[in-house]
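Report on the structure
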Amino acid sequence: MHRGKVADAILPQIVREQEADIMVISEQYSSKTSGQWFEDESKTAAIWIPDRRNKKPMKEGKGNGYVWIQFAEVTIMSCYLTPSDSIDEFQSKLDAIEDESRRVDGNIIMAGDFNSRAIEWGSQETNGRGRRIIDMTARLGLTVANVGCVPTFRRPGCIGTIPDITLVSENIARRICNWVVLEIYTASDHQYISYSLQPASRTTTTREIREGTRKWNVKKLNRRALISEIDRQNRLLSQERNATELVNRTMENIIKGCNKSMPKVKDRGIGKPAVYWWSNQVAELRAKCLKQRRKYTRAKRRGPANIEHAEYKEAKKALQITIQESKQRKWEEMRQDINRDPFGLGYKVVMKKLGAQTPTNVMDVETMGNIVNTLFPTHETRVETTTNVHVTPTMFTMEELKLAATKLKNNKAPGPDGVPSEVLKEIAEARPNILLNMYNQCMLEEVFPIPWKEQQFVLISKGKGDPKAPSSYRPLCMLNTAGKLYERLLKQRIEEAIRLKGGLSERQHGFRPGKSTIGAIQEVVDVFNAAQQRNN
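In what follows, the accompanying structure is described. (Residues numbered from 1 in each chain as written. Predicted model: local features only at pLDDT ≥ 70, side-chain atom pairs only at ≥ 80, totals over all residues. Heavy atoms only, no water.)

The next subject is the overall build of the protein chain. Of regular secondary structure, the protein chain possesses 15 helices and 13 strands. A buried classification covers 40% of the 536 residues belonging to the protein chain. Within the protein chain, contacts between residues at least 6 apart in sequence are counted, and of these 64% link residues at least 24 apart. Counting only carbon and sulfur atoms, one obtains 51% of the accessible surface of the protein chain, whose full area is about 32100 Å². (Helix = DSSP H or I, 4+ residues; strand = E, 2+ residues; numbered from the N terminus. Buried < 20%, exposed > 50% of the residue type's maximum accessible area, 1.4 Å probe, protein only. Contact = heavy atoms within 4.5 Å. Areas by Shrake-Rupley, 256 points an atom, 1.4 Å probe, with all protein chains shown as cover.)

Residue placement: Glu252 occurs in helix H6 (residues 243-261). For the pair formed by Glu252 and Asp417, sequence separation is 165 residues and the distance between their alpha carbons is 9.2 Å.

Let us look at the environment of Pro414. For Pro414, the location among the structural elements is in the loop between helix H11 (398-406) and helix H12 (421-430). Spatially, the C-alpha atom of Pro414 lies 9.4 Å from that of Gln455, the residues being 41 residues apart in sequence. Not counting residues within four places of it along the chain, the set of residues in contact with Pro414 comprises Val419, Pro420, Met478, Leu479 and Thr481.

What follows deals with the side chain of Gln28. Position of Gln28 relative to the elements: it lies in the loop between strand S1 (23-26) and strand S2 (36-39). Of the polar contacts made by the side chain of Gln28, one reaches the side chain of Glu39; its length is 3.2 Å. Among the polar contacts listed, one links the side chain of Gln28 to the backbone nitrogen of Ala45, at a separation of 3.4 Å. Beyond its immediate stretch of four places on either side in the chain, Gln28 contacts Met1, Arg3, Trp37, Glu39, Asp40, Lys43, Thr44, Ala45 and Ala46. (Polar contact = N/O pair within 3.5 Å; in protein donor to acceptor, adjacent residues only side chain to side chain.)

Another aspect to go through is the packing of helix H13 (residues 432-445) against helix H14 (residues 481-500). Across the interface, H13 lies against H14 with an axial gap of 11 Å and an inter-helix angle of 65°. Of the two elements, H13 crosses H14, and the hand of that crossing is right-handed. Contact residues: Leu435, Tyr439, Cys442 and Met443 in H13; Ala482, Leu485, Tyr486, Leu489, Leu490 and Arg493 in H14. Looking at the contact of H13 with H14 residue by residue, the classes come out as 9 nonpolar, no polar and 1 charged. (Axes fitted to C-alpha atoms, helices over the stretch in contact; angles between N-to-C directions. Left-handed = near helix turned anticlockwise from the far one by under 90°. Nonpolar A, V, L, I, M, F, W, Y, C, P; charged D, E, K, R; others polar.)

So, about a nonpolar patch on the surface. A cluster of nonpolar side chains, namely Val458, Ile460 and Leu476, defines an oily patch on the protein surface of about 200 Å² accessible area. Among the structural elements, Leu476 can be located in strand S13 (residues 473-479). (Patch = residues over 30% accessible without salt bridge, like charges linked within 9 Å, V, L, I, M, F, W, Y side chains within 5 Å. Salt bridge = Lys/Arg side-chain N within 4 Å of Asp/Glu carboxyl O.)

What follows is about the pairing of strand S9 (residues 164-169). Counting buried residues along S9, 6 of its 6 residues qualify, which places the element largely inside the surrounding structure. Sheet topology places strand S7 (residues 108-113) next to S9; 5 bridges connect them, and they run antiparallel. Bridging from a neighbouring strand, Ile109 pairs with Val168 of S9. As paired elements, strand S8 (residues 142-144) and S9 share 3 bridges and run antiparallel to each other. Directly across from Leu142, in S9, lies its bridge partner Ser169. (Pairing = 2+ DSSP bridges.)

As a further point, take unusual backbone geometry. For Glu27, which is not glycine, the phi dihedral falls at a positive 50°. Among the secondary structure elements, Glu27 is positioned in the loop between S1 and S2. When its relative accessible area of 14% is taken as the criterion, Glu27 is described as buried. Here Asn115, not a glycine, exhibits a phi torsion of approximately 45°, which is positive. Mapped onto the fold, Asn115 is located in the loop between S7 and helix H3 (128-140).

Oppositely charged side chains may form a pair once their charged atoms are brought near each other. Applying the stated criterion across every chain, the model contains 20 salt bridges. Here Glu426 and Arg223 are joined by a salt bridge, their closest N and O atoms 2.8 Å apart. In this pair, Glu426 is assigned in helix H12 and Arg223 in helix H5 (residues 223-235), connecting sequence segments 203 residues apart. Its relative accessible area of 22% is what places Glu426 among the partly exposed residues. You can call Arg223 partly exposed: its relative accessible area is 47%.

Taking 1.5 Å per residue as the helical rise, helix H8 (residues 306-340) with its 35 residues ought to reach 51 Å, and the 51 Å between its terminal C-alpha atoms agrees with that figure. Every buried residue of H8 is listed here: Glu308, Tyr312, Ala315, Leu319, Thr322, Ile323, Ser326, Met334 and Asp337. (Expected span 1.5 Å × (residues − 1).)

Now for the nonpolar core. In terms of nonpolar packing, the biggest core is built from 33 residues, with Ile254, Leu435, Tyr439, Trp452 and Leu485 touching the most fellow members. For this core, the elements supplying multiple residues, two or more each, are H5, H6, H11, H12, H13 and H14. No other element matches H13, which puts 7 residues into this core. Once you skip the residues sitting within four places of it in the chain, Tyr439 turns out to touch Phe396, Leu401, Trp452, Ala482, Leu485, Tyr486 and Leu489. If you look at the next biggest cluster of nonpolar residues, it comprises 32 residues, including Met23, Leu182, Tyr185 and Leu290. (Core = buried A, V, L, I, M, F, W, Y, C linked by side-chain atoms within 4.5 Å.)

Moving on, we come to the side chain of Asp85. Within the secondary structure, Asp85 sits in the loop between strand S6 (75-80) and helix H2 (87-103). Of the polar contacts made by the side chain of Asp85, one reaches the side chain of Lys93; its length is 2.7 Å. Setting aside residues up to four positions removed in sequence, Asp85 forms contacts with Phe90, Lys93 and Arg129.

This part is about the packing of H5 against H6. For the pair H5 and H6, interaxial distance at closest approach is 8 Å and the crossing angle is 145°. The interaxial crossing formed by H5 with H6 has right-handed handedness. Residue-level inspection shows Ala225, Leu226, Glu229, Ile230, Gln233 and Asn234 of H5 in contact with H6, the latter providing Asn253, Ile254, Lys256, Gly257, Cys258, Lys260 and Ser261. Here the residues of the contact of H5 with H6 are counted per class, giving 5 nonpolar, 5 polar and 3 charged.

Here's what the structure looks like:
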């Protein structure tokens with residue numbers, strides 16, 4: 001990054017555009033407060049994990065000119081060797097990097113600005129520093145992952161070189177793919193490099209895990225496509241089924257309808273959204289800087305390029321000024337917005353930074369089991385008592401279903417099947433018989449299907465206390481929306497039965513609309529005050 005202020009400002013936007021998971025950085029301008037940040041002793045090499053929700057490294061280490069983090073599958077090392085060092089100083093730092101690499105177990109990806117040249121990574125010649133690096137890679141069993149001979153150092157007026165190298169263990173060399181020098185404006189004299197590490201098993205990729213989750217983007221729901229697919233699947237549905245089979249088949253058809261009518265939600269950790277201060281004007285000036293730099297570089301090859309240099313310098317200055325003005329303007333807007341909406345953009349930006357400073361620790365199986373068993377203690381199996389009295393239940397009506405569906409809240413996290421409440425509302429409105437048949441069969445057989453008892457379990461840290469203590473977490477259990485709708489139908493029947501029997505006592509405050517335990521406390525206070533006045 002050549003310690004550039006503008007390069008530092010643009011970096012988060014580049015991360016979002018490239019959907020980068022890990023950034024290996026040389027000559028950073030400043031430490032990042034968001035995500036997870038690791039840097040070397042001389043503050044010239046760093047590794048940045050922008051999304052704080054990504055897995056935390058198992059180990060980490062650093063020295064003069066290098067820093068590394070280790071995951072279960074690979075160790076990533078960021079290196080920077082300054083060009084001003086003598087050859088002896090260069091060799092001393094290189095020896096330290098080699099010794100540290102030997103102490104690290106498993107596969108390694110070593111990347112950074114080594115300020116050396118070698119034909120092996122695309123340079124036209126090999127210098128003394130390059131030969132020393134080649135010797136080190138041979139001893140460590142590393143191979144060069146660079147592809148082609150596209151220059152990564154492009155200072156206007158200078159011949160482009162390739163000082164930025166990616167070295168990887170031979171075991172994972174074949175898994176490095178899409179290695180490319182990005183042709184974007186970085187505000188640095190170095191072009192950034194992008195590549196991917198394919199997993200050993202296709203079933204472990206982050207992208208596949210994201211695509212495999214049943215979470216759809218409801219904002220892009222195509223209602224006509226949903227109902228059309230539901231109708232098509234319903235024609236294949238046999239009517240002679242018990243409650244469990246009917247529930248399973250109906251929910252499978254609804255999930256197929258979701259797949260046909262809306263796309264999956266993309267990961268929100270990095271994703272497409274720009275940094276909060278980004279604007280079209282900044283994007284246009286960034287593109288202009290890239291254009292002016294190319295123009296100046298081409299002109300410099302033909303001779304003096306004073307006009308082109310002045311234009312490029314002016315474009316860089318305009319970009320820097322615009323970024324500063326945009327940041328100040330957005331800051332003022334956030335300050336004013338906090339008074340109108342305390343949970344608006346300002347709240348999100350601050351909470352993202354605060355949360356990034358304390359990433360969630362990876363919890364081992366034993367600790368997780370202890371927390372779950374404490375928060376959800378087991379009890380003895382209850383013996384169900386049966387009677388010979390059998391009452392034929394009254395089936396749910398279409399009016400009951402539509403009323404219960406309207407009470408489902410939108411934008412709520414769904415359960416394990418991922419079906420959002422908005423979809424059930426659409427089906428209840430357009431094809432209510434599909435849901436009625438399912439719920440009435442459950443009512444007729446007096447069952448509550450097991451899939452609706454399953455839940456998505458999440459532990460939310462309270463941010464204090466021992467991270468291994470159960471009291472440090474708040475459990476959140478997300479149930480399938482179809483089961484919630486069934487509960488609302490039953491609740492309406494129960495409430496109506498209670499009303500016909502005279503209703504609940506006025507002193508019942510808990511779990512009642514418009515009442516709470518605060519009201520019960522207030523009644524006690526009022527009785528006390530009234531008694532005190534009578535005594536006076």
